[in-house]
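Each chain, written out:
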Amino acid sequence: PDALVSARSPAAEAVHFVPAAGQPPAARWDIVPRRPIGMRIDGPHILLTGLVRPLKVRDRFPLTLVFERNGPKEIEVWVERSPYSS
């Protein structure tokens, strides 16, 4: 097990972990091995605030996830159309 304790990206001023829609951001997320967390706008998600510029479909940007035990891991985020948009 591990915990996601922070995240950062040059695309935004701040990155927050939101456990579910309407809930305040969490300070950390506990990660259970082999139990994926499905990211959804109405469920758990990562929220970027203070965007450097508006994001468009097909944009890409780096996001560094910082884990308590395993340290920082950089990933590339691809901006896609929301499955909830028309």
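Our subject is the structure that appears above.
None of the values given here were measured: they were computed from a predicted structure. By convention here, each chain's residues receive numbers from 1 onward along its written sequence. Only residues with pLDDT of 70 or above have their local features reported here, since the model is predicted, and side-chain atom pairs are shown and tallied only from 80 upward, although totals for entire chains, interfaces and linings are computed over all residues. Derived side-chain values reflect all non-hydrogen atoms in the structure, with water molecules and hydrogen atoms excluded from consideration.

Draft legend 1. Main features of the overall build of the protein. The number of helices and strands found in the protein is zero helices and six strands. Strands are runs of DSSP state E lasting at least two residues, helices are runs of H or I lasting at least four, and both sets are numbered from the N terminus onward. Shown N-terminal to C-terminal, the secondary structure of the protein runs as helices and strands in the order β-β-β-β-β-β. On C-alpha atoms alone, the protein measures out to a radius of gyration of 13 Å, which is about the 12 Å that the 2.2 N^0.38 rule sets for 86 residues. Scored against the burial criterion, the 86 residues of the protein give a buried share of 26%. Using the Shrake-Rupley algorithm and a 1.4 Å probe, accessible areas are obtained, with residue cover drawn only from the displayed protein chains. Approximately 6300 Å² of the protein is accessible, and the part contributed by carbon and sulfur atoms is 55%. Charged residues are defined narrowly, with Lys and Arg counted positive, Asp and Glu counted negative, and His plus the chain ends left uncounted. To locate a charge, take NZ of a lysine, CZ of an arginine, CG of an aspartate or CD of a glutamate. Averaging the locations of the 12 positively and 9 negatively charged side chains of the protein gives two centres separated by 4 Å. The globule rule used here is 2.2 Å times the number of residues to the 0.38 power, and the radius of gyration it is set against is calculated over C-alpha atoms. Only protein chains enter the accessibility calculation, which uses a 1.4 Å probe. A residue is then buried if its area is under 20% of the maximum for its type, exposed if over 50%, and partly exposed in between.

Draft legend 2. Representation of the packing of aromatic side chains. Between rings of Phe, Tyr and Trp, where Trp is taken as its six-membered ring, a pair exists when centres lie within 6.5 Å; planes separated by under 30 degrees are stacked, by over 60 edge-to-face, and by other angles tilted. Within the structure shown, the criterion is met by one aromatic pair. Here, over-ring charges are defined by two tests on the NZ atom of lysine or the CZ atom of arginine: distance to the ring centre within 6 Å, and angle to the ring normal within 35 degrees. In this arrangement the basic side chain of Arg-60 is found over the ring face of Trp-78, its NZ or CZ atom lying 3.6 Å from the centre.

Draft legend 3. Geometry of the sheet that holds strand E6 (residues 71-78). Taken in spatial order, the four strands make up an open sheet running E3-E1-E5-E6, and their pairing is antiparallel. Each having just a single partner strand, strand E3 (29-31) and E6 make up the two edges of the open sheet. Averaged over all neighbouring strand pairs, the angle between strand axes comes to 40°, with direction disregarded. The criterion for strand pairing is that DSSP finds at least two bridges linking the strands in question. Between N-to-C directions, angles cover 0 to 180 degrees, with each direction set by a line fitted to C-alpha atoms, over the stretch in contact for helices.

Draft legend 4. Summary view of the pairing of E6. In this sheet, E6 lies alongside strand E5 (residues 60-67) in antiparallel orientation, the contact comprising eight bridges. Opposite Leu-63, over in E6, you have Ile-75 as the bridge partner.

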